[in-house]
Amino acid sequence: MSSRKSGGHGPRNVSAIPAAALRFLEYYYPIHYKAGIGVEDALRGGMLNRHQTAMLWLIHSEGKDGREMDRKAIERSLESWFEISGAAVTKALRAMAQPPLELVQLVENPKSGREKIVVLTPRGEAHMKKMIAGGEAYVQRIVDHMTDEEIRQGLHFFKRISEIVEGFRDD
């Protein structure tokens, strides 16, 4: 039997839904590779690669004021998502810092001259707005086919999965 939390109120030993884990797994890959890649492509906007898009999203979602983040923190997150080296992170960031992109600026960390902080440029901030608008437009095409109740349930589901997976980091 598996142990799981129900509604965040403690462990529950028996699932009321037979083969729930297997059924979730069977939906996971179509969602990840069809819807997820569609969202990613919408965010990329034909301009950036997957890693660069993920870096900008990290800065937006986890960075200080949604504008800056330590390069090492970006590297740690990306290493857990992709098979990517520190050198590849640096190369992708440098490409985003130089023309024609000029989306980020790499500045010296005042706490350590060897470390860098990645800061969105004004052009990078404008690009983030376009990225978000593109991603939102793609997701809106999905939401347009859902009832208000399905939307509420979906938002709750994604929120709970995020909370649960974040808890795995503490294990």
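See the structure printed just above.
All of these numbers come straight from a predicted model, not from anything done at the bench.

J.: What am I meant to see in the pattern of salt bridges here?
T.: Here the idea is simple: oppositely charged side chains can pair when their charged atoms come close. Under the defined criterion, the tally for this structure stands at 8 salt bridges. Notably, a salt bridge pairs arginine 67 with glutamate 125, separated by 2.3 Å at the nearest N-O pair. Of this pair, arginine 67 sits in the loop between helix 2 (50-62) and strand 3 (68-70) while glutamate 125 sits in helix 5 (residues 122-143); the two residues are 58 residues apart in sequence, bridging distant segments of the chain. On the accessibility criterion, arginine 67 (30% relative accessible area) is partly exposed. Residues participating in the shared-partner salt-bridge network are Lys159, Arg160 and Glu163.

J.: Where do I start with the packing of aromatic side chains in this structure?
T.: Counted according to the given criterion, the structure contains 4 aromatic pairs. Seen from their ring centres, tyrosine 29 and tyrosine 33 are 5.4 Å apart, and the 5° between their planes marks the pair as stacked. Taken together, the residues span about one helical turn, with tyrosine 29 and tyrosine 33 both in helix 1 (residues 20-44) at a distance of 4 residues. These aromatic residues form a ring-pair network of at least three members: Phe24, Phe157 and Phe158.

Quick notes on the rules
Residues numbered from 1 in each chain as written. Predicted model: local features only at pLDDT ≥ 70, side-chain atom pairs only at ≥ 80, totals over all residues. Heavy atoms only, no water. Salt bridge = Lys/Arg side-chain N within 4 Å of Asp/Glu carboxyl O. Helix = DSSP H or I, 4+ residues; strand = E, 2+ residues; numbered from the N terminus. Buried < 20%, exposed > 50% of the residue type's maximum accessible area, 1.4 Å probe, protein only. Phe/Tyr/Trp six-rings, centres within 6.5 Å; stacked < 30°, edge-to-face > 60°.

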